[in-house]
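Structure assessment
As a plain string of letters, each chain reads:
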Amino acid sequence: MSAAWAQSLLPAATATGIDAAAAEVLKSTGVPSASVAVVQGGKIAYVKAYGKARLEPVMLAEPGMQYSIGSVSKQFTAAIILLLVQDGKVKLDDPVGKYLPELTRANEVTVRQVLSMTSGYQDFWPEDYVMTSMMQPATPQHILDVWAKKPLDFEPGTKWQYSNTNYVIAGRIAEVVAGKPLIDQLQERIFRPLKMTGVFNSDASRLRANDPTGYYQHALGPLRPAPQEGAGWMFAAGELAMPASDLALWNISLMNRTLLAPASYDEMFTEVKLKDGSGTHYGLGVQVGERDGHRVISHSGEVSGFVSQNTVFPDDKVAVTVLTNEDASSAAAALARKIAPLVLGAAPKTADGAATAERRALDIFTGLQEGKLDRSQLTAYCDAYFTEEAVQDFASSLKPLGAPTSFKQMDEELRGGMTFRVFDVSFPDRKLRVTVYEEPDGKLEQYLVIPSGS
């Protein structure tokens, strides 16, 4: 898939906004490259790579390159376990001791607690660099022997604590139950059905020469090629590499619920509660929550030389994937945060309520930029407000701004027998606010554009 083809599926202003955001983040963080994929309307709408995949000799980043995605891999491991649950071979509330009896308190920790990071097993790799011991090959069993046989960090189900060890346990359970390597199960049951043809097992060998080089730096020193973890260390917790477009295919399957049974998606996306009833903001292999009124399913990832961010807004049929090639960097998350409002605000939506109101208000706004106004939508008072002078002022002042990069409803309330709505309108260098009063019959009593104080 070429970047040029993908760009044509987004409004020009949205694509320009993403390009500007990428340039800004790469400049401010110094990260060599970023690979971006956007899903909008449930389809891949934008794929583009920015910067340098390799510094010396220079190799520019391209959309088809495979980046290590780190802990974004965990949701794939969770999905395999859920498929095995569907097969009747595993139960989420089984004790892990049913499959791996040698682990600490194995009969008191459940599969669900392992997948939700509430088990108490100690993390074998919390650091943001590769220790010298991890540069030598290892096996998942070695990780379990050293870290999953230690005393638990807390009583199972009483705390949430991120731990890569949990997913080594989950991966081994999948292998014990299915009788085949985890990577083979992933290929057979997930990647091939979804036509994710660019997936690479970076735990088994280095990325190829025509894929990005991972980098790191000491403080603010020069970027240097990052050391490679020894084979076997990442396994089910972070073994995968792929192009951003392959993750986009996975994201589409999540929002459309096409691969797993409905009950499995419910399990994956439901926040796991602790024994005292408090929330964890984590489901099974994914973070769950809300952002600005949008339900969001997300996860970040980091391995040596690479950081990723994958964010899905399932109800909006929108997803943003950002892959970068420098470790311990905030660039992937920062760029994803900048892209999300651009594509959420412009996303084609058919639902009633705020989404419909946004589309209507945006259409009026863009019409006024051209000096055009559908007066059939207005009450008599609003029609009288829009004199020829008013329409000319709207056009002359708004048209030079170009297309908005984001148009988003921020507030809605009842007032004076009408619905009052506030919309934030963003451009690359400024923000505006639109206020609207809508009568019960749908006609607009007010449509004002004012400078924004935020």
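Residues numbered from 1 in each chain as written. Predicted model: local features only at pLDDT ≥ 70, side-chain atom pairs only at ≥ 80, totals over all residues. Heavy atoms only, no water.

The name that an unreviewed UniProt entry assigns to the protein chain is CubicO group peptidase (Beta-lactamase class C family), with the source organism given as Tunturiibacter lichenicola.

**Things to note about the environment of Pro440**
Positionally, Pro440 belongs in the loop between strand E15 (430-438) and strand E16 (444-451). Assessed through its relative accessible area of 70%, Pro440 is described here as exposed. Pro440 sits 21 residues away from Thr419 along the chain, and the two C-alpha atoms are 7.7 Å apart. (Helix = DSSP H or I, 4+ residues; strand = E, 2+ residues; numbered from the N terminus. Buried < 20%, exposed > 50% of the residue type's maximum accessible area, 1.4 Å probe, protein only.)

**Looking at the UniProt feature "domain: Beta-lactamase-related" (unreviewed entry) in the protein chain**
On the UniProt side, "domain: Beta-lactamase-related" (unreviewed entry) is annotated at positions that read residues 19-339 here. A helix fraction of 30% and a strand fraction of 20% characterise residues 19-339, whose end C-alpha atoms lie 9 Å from each other. (UniProt positions renumbered as here; feature names shortened; annotations may be inferred.)

**What about helix H5 (residues 140-147)?**
It helps to recall that an α-helix has 3.6 residues per turn; residues three or four apart then point in one direction. Those residues of H5 not exposed but buried are Pro140, Ile143, Leu144 and Trp147. The buried residues of H5 occupy an angular sector of 95° when the element is viewed end-on, so they sit on one face. Considering only its buried residues, H5 is in contact with helix H6 (164-178) and helix H8 (235-238). (Arc of directions from axis to C-beta. Contact = heavy atoms within 4.5 Å.)

**Observations regarding the confidence of the model for the protein chain**
The predicted coordinates ought not to be read in detail in places where the model reports low pLDDT. In the predicted model, the protein chain carries a mean pLDDT of 92, and the fraction of residues at 70 or more is 95%. Within the model, pLDDT remains below 50 along residues 1-8, and this stretch shows 14 contacts once partners closer than five positions in the same chain are excluded. The low-confidence segment residues 346-352, where pLDDT is below 50, has 14 contacts with residues more than four positions distant or belonging to other chains. (pLDDT = per-residue confidence, 0-100.)

**Focus on helix H10 (residues 262-269)**
Those residues of H10 that fall on the buried side of the exposure criterion are Ser264, Tyr265, Met268 and Phe269. Seen along its axis, H10 keeps its buried residues to an arc of 120°; they face one direction. Those residues of H10 that are exposed and aimed more than 90 degrees away from the buried face are Pro262 and Ala263. Each element contacted by the buried residues of H10 is listed here: helix H3 (74-86), helix H9 (244-256), strand E9 (287-291) and strand E10 (294-303).

**Observations concerning the packing of aromatic side chains**
Applying the stated rule across the entire model yields 15 aromatic pairs. Judged by centre distance (6.2 Å) and plane angle (35°), the rings of Phe365 and Phe427 are tilted. Placement of Phe365 in helix H12 (residues 354-369) and of Phe427 in strand E14 (residues 418-427) is noted, with a sequence separation of 62 residues between them. Phe427 shares its class with Phe365; the two are buried. Between Phe407 and Phe423 the ring centres are 5.5 Å apart and the planes differ by 40°, which places this aromatic pair in the tilted class. Taken together, the residues Phe407 in strand E13 (residues 406-415) and Phe423 in strand E14 connect sequence positions 16 residues apart. (Phe/Tyr/Trp six-rings, centres within 6.5 Å; stacked < 30°, edge-to-face > 60°.)

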